[in-house]
Amino acid sequence: MSNLSDSGLSRYGWTGALDHAFAEHREAGLVPARIVRVDRGLCDTVTESGPVRARIAAYSPDPLQAPCTGDWAALRPGPAPELVALLPRSSAIVRSSASRSSHGQVLAANVDTVAVVVSLAAPLDAARLERLLALAWDSGARPLIVLTKADLAPDPAAVYAEAGALAPGVDVLFTSVTTGQNIDVLTALLSGTTVLLGSSGAGKSSLGNALLGDELLATGAVRAHDGKGRHTTVRRELVPLPGGGVLIDTPGLRGVGLHDAAASLEQVFAEIEDLARDCRFGDCAHHAEPGCAVRAAIEAGELTGRRLDSYRKLQRENAWAASRTDARLRAERSNRQKAITSHLRATYAFRDRQS
C-alpha cells in the first residue's frame with residue numbers, strides 16, 4: 001500500500017478508502033491515476049509520480065461507463081501506458097446525450113460540489129436554473145448556486161432572492177471577479193472536487209481563474225445583447241486549487257437534457273412535493289381536482305403557475321427519457337438472446353453434421 005502522506009495524488013483527492021479499493025489493481029502491477037482530461041481515445045492523467053498520457057485500452061458500448069474527467073483509474077505503466085480499469089464512482093454528473101439517444105453522458109465524476117454558475121449580467125432564466133439544479137442534485141454531490149458579475153447587475157439582491165426561491169435547500173452566493181466580491185467566501189465554501197456548471201458566457205472560466213489565482217483557464221467576451229458567449233472551454237479539465245481540492249471547468253452547456261432524474265426533481269421542486277402531500281387525492285395531478293393544495297397555493301399567491309408548469313415539463317421529459325432507456329435495455333437483452341440462440345443453433349448443426 002502507498003504512503004498517502006507522500007503520495008502526489010493526495011492533493012487530487014486520493015484517500016485511504018480509495019487506496020484500499022485499489023489493492024487488487026496494485027497487486028496486478030497497475031498504478032492509480034486521476035483523469036484530468038479525455039481526448040479521442042487518449043487521456044491525460046496525474047499519478048503518484050506525475051502526469052501521464054495514456055491510451056484508453058477498452059471502451060464500453062455504454063457511454064455511462066466511458067472514462068471521463070474526475071474518474072479514478074488503474075494504469076498499466078510502461079513505454080506506452082494504458083488505462084485498463086476505472087474505480088467505482090462516488091458521484092457523477094449525467095445528462096442525456098447530445099444526440100438525444102437513450103444513453104446518458106457523464107460530464108464529470110467523483111464530484112463533491114456542483115457550483116451552478118449564473119451570470120447577473122443577463123435576466124435570470126428560471127427554467128434553465130431548475131434544469132441545472134436537477135443535474136446537480138442527481139449527481140449525488142452538493143449543489144451551490146454562484147451568481148457571477150454582480151458588478152454588472154442593477155439589483156443583485158433581487159436576483160439573489162429569486163434564485164433562492166427557485167432552489168430550496170441550496171446555498172446561493174453572488175460574486176464579482178472584477179471587484180473580488182465574495183471570492184474569499186466562495187473559496188472557503190469549497191472542498192474536495194468542485195465542478196463549475198453553466199451556460200457559455202456565465203463566467204465559469206473567469207471565476208475558475210479567480211479561485212486558482214492564475215489565468216490558467218481560457219476566457220472570452222460575451223455578446224452584449226443576450227450575455228451569451230462562445231465556448232472558450234472546449235473540454236472538461238481538472239486542475240488543483242491552491243488551498244487544497246481540485247476544480248473541474250466544463251464547456252458551456254447548450255442542452256441540459258435530464259437522464260433518470262426523478263428523485264432530483266423532487267429536490268428541485270421540494271415545495272411542490274410538500275404541498276402535494278396535503279392534496280385530498282394521493283394521485284392528484286394538480287389540474288382541477290377538488291382539495292388540491294398545490295392549486296390552492298397558486299391561487300393564494302404562494303406558488304407561481306410557471307413553477308408548476310416547469311415541474312410538469314421536466315417530469316414529462318424525464319419520463320420520456322426513462323422510457324427510451326427501458327426500450328433500449330429491452331432491445332439489448334433481446335439482441336443478446338438472439339445471438340446466444342443463433343450460436344447454439346450453429347453449434348447443434350455442426351454436431352449433427354459430424355455425427
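Relevant structure appears above.
In this report, we go over the structure that sits alongside the text.

Definitions and limits used
Residues numbered from 1 in each chain as written. Predicted model: local features only at pLDDT ≥ 70, side-chain atom pairs only at ≥ 80, totals over all residues. Heavy atoms only, no water. Pairing = 2+ DSSP bridges. Helix = DSSP H or I, 4+ residues; strand = E, 2+ residues; numbered from the N terminus. Axes fitted to C-alpha atoms, helices over the stretch in contact; angles between N-to-C directions. Contact = heavy atoms within 4.5 Å. Phe/Tyr/Trp six-rings, centres within 6.5 Å; stacked < 30°, edge-to-face > 60°.

Examining the sheet that holds strand 11 (residues 193–198)
Reasoning step 1: On the basis of which strands lie adjacent, the open sheet formed by six strands has the order 10-9-8-11-13-12 and mixed pairing. With one partner strand each, in any of the chains shown, strand 10 (171–174) and strand 12 (237–240) form the two edges of the open sheet. Sheet twist, expressed as the average angle between the axes of neighbouring strands with direction ignored, equals 25°.
Reasoning step 2: Of the strand pairs in this sheet, strand 8 (residues 113–119) and strand 9 (residues 142–148) are connected by seven bridges, and their pairing is parallel. Paired with Val118 across the two strands is Leu147, which belongs to strand 9.
Reasoning step 3: Its contacts with the sheet place helix 3 (residues 126–139) against strand 8, strand 9 and strand 11, and it is angled at close to 170° to strand 8.

Side note on the packing of aromatic side chains
Reasoning step 1: Counted according to the given criterion, the structure contains four aromatic pairs.
Reasoning step 2: Their ring planes at 90° and their centres at 5.7 Å tell us that Tyr160 and Phe174 sit as a pair that is edge-to-face. Taken together, the residues span a long stretch of sequence, with Tyr160 in helix 4 (residues 156–166) and Phe174 in strand 10 at a distance of 14 residues.
Reasoning step 3: One aromatic cluster is present, built from ring pairs that chain together Trp14, Phe22 and Trp72.

Regarding the sheet that holds strand 3 (residues 50–56)
Reasoning step 1: Taken in spatial order, the five strands of this closed barrel run 1-2-3-5-4, and their pairing is mixed. With direction set aside, neighbouring strand axes in the sheet form an average angle of 55°.
Reasoning step 2: When strand 2 (residues 42–47) meets strand 3, the two strands line up antiparallel, connected through six bridges. Note that in strand 3 the partner of Asp44 across the bridge is Arg53.

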